[in-house]
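Fold and contact review
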Amino acid sequence: YRHYERIDLAILAHKAFDQMFLANVAMNPAQVCMLKWNDKYVVEPESQGFRAIKARAGSKLVSFRIEAVFLPSFKRFLKLREYLIGGSKFDYLFLNIGNVSSINLVPKKLDELRITGFFDSLRRIDPTIKTISPREWRAAKSDWVIRNEDVSIAALLLQNSESTVEKHYAVGS
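Moving on to the overall build of the chain. Counting its regular elements, the chain contains seven helices and five strands. Taken over C-alpha atoms, the radius of gyration comes to 17 Å for the chain, in line with the 16 Å a tight globule of 173 residues would show. Reported as C-alpha extents along the three principal axes, the dimensions of the chain are approximately 50 × 45 × 25 Å. When burial is assessed residue by residue, the chain has 38% of its 173 residues classed as buried. Put simply, 50% of the contacts in the chain that link residues at least 6 apart link residues at least 24 apart. Approximately 10100 Å² of the chain is accessible, and the part contributed by carbon and sulfur atoms is 54%.

This is how it looks when you write it as C-alpha coordinates:
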(Lines give C-alpha, C1' and ligand atoms only; values in the text may rest on other atoms or scores of the structure.)
Protein backbone atom coordinates (compact mmCIF):
# COMPACT_ATOMS: atom_id res chain seq x y z
CA TYR A 1 0.00 0.00 0.00
CA ARG A 2 2.86 2.43 0.79
CA HIS A 3 5.37 1.07 -1.77
CA TYR A 4 7.67 3.78 -3.11
CA GLU A 5 6.61 3.20 -6.74
CA ARG A 6 2.95 3.68 -5.80
CA ILE A 7 3.86 6.84 -3.90
CA ASP A 8 5.92 8.07 -6.85
CA LEU A 9 2.86 7.68 -9.12
CA ALA A 10 0.69 9.41 -6.53
CA ILE A 11 3.11 12.35 -6.52
CA LEU A 12 2.86 12.52 -10.32
CA ALA A 13 -0.93 12.55 -10.03
CA HIS A 14 -0.63 15.33 -7.42
CA LYS A 15 1.52 17.38 -9.83
CA ALA A 16 -1.05 16.84 -12.59
CA PHE A 17 -3.81 18.05 -10.29
CA ASP A 18 -1.72 21.12 -9.41
CA GLN A 19 -1.98 22.12 -13.07
CA MET A 20 -5.69 21.33 -13.27
CA PHE A 21 -6.25 23.44 -10.16
CA LEU A 22 -4.24 26.36 -11.56
CA ALA A 23 -6.20 26.19 -14.80
CA ASN A 24 -9.51 26.09 -12.94
CA VAL A 25 -9.04 28.71 -10.24
CA ALA A 26 -6.66 31.07 -12.07
CA MET A 27 -4.88 31.95 -8.82
CA ASN A 28 -1.27 32.99 -8.90
CA PRO A 29 1.20 30.30 -7.76
CA ALA A 30 2.14 32.12 -4.55
CA GLN A 31 -1.51 32.02 -3.45
CA VAL A 32 -1.84 28.35 -4.38
CA CYS A 33 1.30 27.39 -2.43
CA MET A 34 0.08 29.28 0.65
CA LEU A 35 -3.39 27.70 0.79
CA LYS A 36 -3.79 26.31 4.28
CA TRP A 37 -6.03 23.28 4.68
CA ASN A 38 -7.78 20.92 7.03
CA ASP A 39 -10.40 18.31 6.31
CA LYS A 40 -13.25 20.37 7.73
CA TYR A 41 -14.47 22.27 4.70
CA VAL A 42 -17.77 23.27 3.17
CA VAL A 43 -18.86 23.62 -0.42
CA GLU A 44 -21.30 26.44 -1.06
CA PRO A 45 -23.02 27.51 -4.28
CA GLU A 46 -21.32 30.76 -5.30
CA SER A 47 -23.00 31.60 -8.59
CA GLN A 48 -24.37 29.51 -11.41
CA GLY A 49 -21.76 26.96 -12.37
CA PHE A 50 -19.34 27.86 -9.55
CA ARG A 51 -18.77 26.61 -6.02
CA ALA A 52 -16.91 28.22 -3.16
CA ILE A 53 -14.70 25.94 -1.11
CA LYS A 54 -14.29 27.25 2.43
CA ALA A 55 -12.16 25.80 5.19
CA ARG A 56 -10.96 27.15 8.48
CA ALA A 57 -7.24 26.43 8.62
CA GLY A 58 -5.73 27.59 11.86
CA SER A 59 -7.50 30.81 12.72
CA LYS A 60 -7.90 31.96 9.12
CA LEU A 61 -10.74 31.31 6.67
CA VAL A 62 -9.50 29.95 3.35
CA SER A 63 -11.75 30.37 0.35
CA PHE A 64 -11.49 29.82 -3.39
CA ARG A 65 -13.93 29.31 -6.27
CA ILE A 66 -14.00 26.37 -8.64
CA GLU A 67 -16.33 25.38 -11.42
CA ALA A 68 -19.05 23.00 -10.26
CA VAL A 69 -17.95 20.36 -12.80
CA PHE A 70 -14.46 20.44 -11.21
CA LEU A 71 -15.75 19.56 -7.72
CA PRO A 72 -15.59 15.73 -8.15
CA SER A 73 -11.94 16.02 -9.30
CA PHE A 74 -11.17 18.21 -6.28
CA LYS A 75 -12.71 15.65 -3.92
CA ARG A 76 -10.66 12.85 -5.55
CA PHE A 77 -7.56 14.99 -5.10
CA LEU A 78 -8.31 15.31 -1.38
CA LYS A 79 -8.26 11.49 -1.13
CA LEU A 80 -4.93 11.42 -2.97
CA ARG A 81 -3.57 14.11 -0.64
CA GLU A 82 -4.67 12.05 2.36
CA TYR A 83 -2.81 9.02 0.95
CA LEU A 84 0.35 11.06 0.40
CA ILE A 85 0.44 12.58 3.87
CA GLY A 86 -0.10 9.09 5.28
CA GLY A 87 -2.28 10.04 8.21
CA SER A 88 0.04 12.77 9.47
CA LYS A 89 -1.12 16.32 10.05
CA PHE A 90 -0.20 18.72 7.22
CA ASP A 91 -1.43 22.29 7.15
CA TYR A 92 -1.22 23.09 3.42
CA LEU A 93 -3.51 21.98 0.62
CA PHE A 94 -0.65 21.26 -1.78
CA LEU A 95 2.56 19.50 -0.87
CA ASN A 96 5.94 18.45 -2.05
CA ILE A 97 7.66 15.21 -1.07
CA GLY A 98 11.37 14.79 -1.58
CA ASN A 99 12.98 11.36 -1.80
CA VAL A 100 10.20 8.76 -2.26
CA SER A 101 12.52 5.83 -1.67
CA SER A 102 12.79 6.89 1.97
CA ILE A 103 10.62 4.93 4.39
CA ASN A 104 9.64 8.12 6.25
CA LEU A 105 8.07 10.54 3.81
CA VAL A 106 7.85 14.08 5.09
CA PRO A 107 5.44 16.36 3.23
CA LYS A 108 6.60 19.92 2.77
CA LYS A 109 4.82 23.02 1.56
CA LEU A 110 4.84 23.27 -2.23
CA ASP A 111 6.97 26.14 -3.45
CA GLU A 112 6.44 28.21 -6.56
CA LEU A 113 9.51 26.83 -8.33
CA ARG A 114 8.18 23.27 -8.16
CA ILE A 115 4.67 24.06 -9.33
CA THR A 116 5.55 23.44 -12.98
CA GLY A 117 7.51 20.24 -12.20
CA PHE A 118 4.77 18.17 -13.82
CA PHE A 119 5.97 19.31 -17.25
CA ASP A 120 9.47 18.03 -16.48
CA SER A 121 7.90 14.61 -15.86
CA LEU A 122 5.96 14.81 -19.13
CA ARG A 123 9.09 15.71 -21.08
CA ARG A 124 10.53 12.32 -20.13
CA ILE A 125 7.76 10.91 -22.34
CA ASP A 126 7.82 13.62 -25.02
CA PRO A 127 10.67 16.14 -25.02
CA THR A 128 8.67 18.56 -27.21
CA ILE A 129 6.03 19.24 -24.54
CA LYS A 130 6.09 22.89 -23.54
CA THR A 131 5.59 24.17 -20.00
CA ILE A 132 2.38 26.08 -19.41
CA SER A 133 3.13 28.71 -16.80
CA PRO A 134 0.63 29.68 -14.12
CA ARG A 135 0.39 33.10 -15.81
CA GLU A 136 -0.60 31.39 -19.07
CA TRP A 137 -3.29 29.34 -17.24
CA ARG A 138 -4.53 32.58 -15.66
CA ALA A 139 -4.61 34.40 -19.00
CA ALA A 140 -6.42 31.50 -20.70
CA LYS A 141 -9.01 31.32 -17.91
CA SER A 142 -9.64 35.06 -18.00
CA ASP A 143 -9.91 35.01 -21.80
CA TRP A 144 -12.49 32.22 -21.65
CA VAL A 145 -14.52 33.91 -18.90
CA ILE A 146 -14.47 37.28 -20.68
CA ARG A 147 -15.66 35.67 -23.94
CA ASN A 148 -18.32 33.53 -22.26
CA GLU A 149 -19.42 35.69 -19.31
CA ASP A 150 -18.14 39.23 -18.75
CA VAL A 151 -15.31 41.26 -17.26
CA SER A 152 -16.93 41.53 -13.81
CA ILE A 153 -17.02 37.73 -13.40
CA ALA A 154 -13.45 37.47 -14.66
CA ALA A 155 -12.40 40.09 -12.09
CA LEU A 156 -14.16 38.13 -9.34
CA LEU A 157 -12.46 34.86 -10.32
CA LEU A 158 -9.03 36.42 -10.77
CA GLN A 159 -9.40 38.44 -7.58
CA ASN A 160 -8.53 41.62 -9.44
CA SER A 161 -10.33 44.84 -10.23
CA GLU A 162 -12.25 45.10 -13.50
CA SER A 163 -9.78 47.72 -14.75
CA THR A 164 -6.83 45.35 -14.06
CA VAL A 165 -8.57 42.55 -15.95
CA GLU A 166 -9.33 44.84 -18.89
CA LYS A 167 -5.78 46.20 -18.93
CA HIS A 168 -3.83 42.93 -18.49
CA TYR A 169 -6.08 39.98 -19.32
CA ALA A 170 -8.60 41.10 -21.93
CA VAL A 171 -6.18 41.07 -24.82
CA GLY A 172 -7.44 37.80 -26.30
CA SER A 173 -5.78 34.46 -26.67
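Attention now goes to helix α6 (residues 151–158). Of all the residues in α6, the buried ones are V151, A154, A155, L157 and L158. One face of α6 carries all of its buried residues, which in axial projection span an arc of 165 degrees. Of the residues flanking the end of α6, it is Q159, one or two places downstream, whose phi is positive at about 60 degrees.

Right, let's talk about a negative patch on the surface for a bit. A surface patch of like charges, here negative, comprises E149, D150, E162 and E166. On the secondary structure map, E166 appears in helix α7 (residues 162–168).

Here we take up the packing of helix α1 (residues 4–25) against helix α3 (residues 71–85). Where α1 contacts α3, the axes come no closer than 10 Å and their chain directions differ by 145 degrees. As for how α1 packs across α3, the hand of that crossing is left-handed. Within the contact between the two elements, α1 uses R6, I7, A10, I11, A13, H14, F17, M20 and F21 and α3 uses S73, F74, F77, L80, Y83 and L84. Each residue belonging to the contact of α1 with α3 can be placed in one class, and the counts come to twelve nonpolar, two polar and one charged.

Formed by 35 residues in total, the largest nonpolar core has its most connected members in F21, F64, F74, L84, L93 and F94. Where this core is concerned, the elements lending two or more residues are α1, α2 (29–33), β2 (50–57), β3 (60–67), α3 and β4 (95–97). Counting residues per element, this core draws most heavily on α3, which supplies eight residues. Counting ten residues, the second-largest nonpolar core is a separate cluster that includes F50, A154, L157 and L158.

Looking now at α3. Taking 1.5 Å of rise per residue, 15 residues should cover 21 Å, and α3 covers 21 Å from first to last C-alpha, within 8% of that figure. For α3, the complete set of buried residues consists of L71, S73, F74, F77, L78, L80, R81, Y83, L84 and I85. Backbone geometry just after α3 places G86 at a positive phi near 60 degrees.

Looking at the secondary structure, you find R56 in strand β2. Sequence separation between R56 and K40 is 16 residues, and the spatial gap between their C-alpha atoms is 7.2 Å. Discounting chain neighbours no more than four positions away, the residues touching R56 are N38, K40 and L61.

Let us look at the side chain of H14. Mapped onto the elements of the fold, H14 is located in helix α1. Its relative accessible area of 3% is what places H14 among the buried residues. In terms of polar contacts, H14 uses its side chain to reach the backbone amide nitrogen of L95, at 3.4 Å.

All right, on to the pattern of salt bridges then. For the structure shown, the criterion picks out five salt bridges. Here D143 ties to R147 by a salt bridge, and the two come within 2.9 Å at their closest N and O atoms. Of the two residues, D143 and R147 both sit in helix α5 (residues 134–148), four residues apart, roughly one turn of that helix. Looking at R147, the relative accessible area reads 57%, which means it is exposed.

Conventions used here
Residues numbered from 1 in each chain as written. Predicted model: local features only at pLDDT ≥ 70, side-chain atom pairs only at ≥ 80, totals over all residues. Heavy atoms only, no water. Helix = DSSP H or I, 4+ residues; strand = E, 2+ residues; numbered from the N terminus. Rg over C-alpha atoms; globule rule 2.2 N^0.38 Å. Buried < 20%, exposed > 50% of the residue type's maximum accessible area, 1.4 Å probe, protein only. Contact = heavy atoms within 4.5 Å. Areas by Shrake-Rupley, 256 points an atom, 1.4 Å probe, with all protein chains shown as cover. Arc of directions from axis to C-beta. Patch = residues over 30% accessible without salt bridge, like charges linked within 9 Å, V, L, I, M, F, W, Y side chains within 5 Å. Salt bridge = Lys/Arg side-chain N within 4 Å of Asp/Glu carboxyl O. Lys, Arg positive; Asp, Glu negative; His and termini not counted. Charge placed at Lys NZ, Arg CZ, Asp CG, Glu CD. Axes fitted to C-alpha atoms, helices over the stretch in contact; angles between N-to-C directions. Left-handed = near helix turned anticlockwise from the far one by under 90°. Nonpolar A, V, L, I, M, F, W, Y, C, P; charged D, E, K, R; others polar. Core = buried A, V, L, I, M, F, W, Y, C linked by side-chain atoms within 4.5 Å. Expected span 1.5 Å × (residues − 1). Polar contact = N/O pair within 3.5 Å; in protein donor to acceptor, adjacent residues only side chain to side chain.

Shape is all these values report; function is a separate question.
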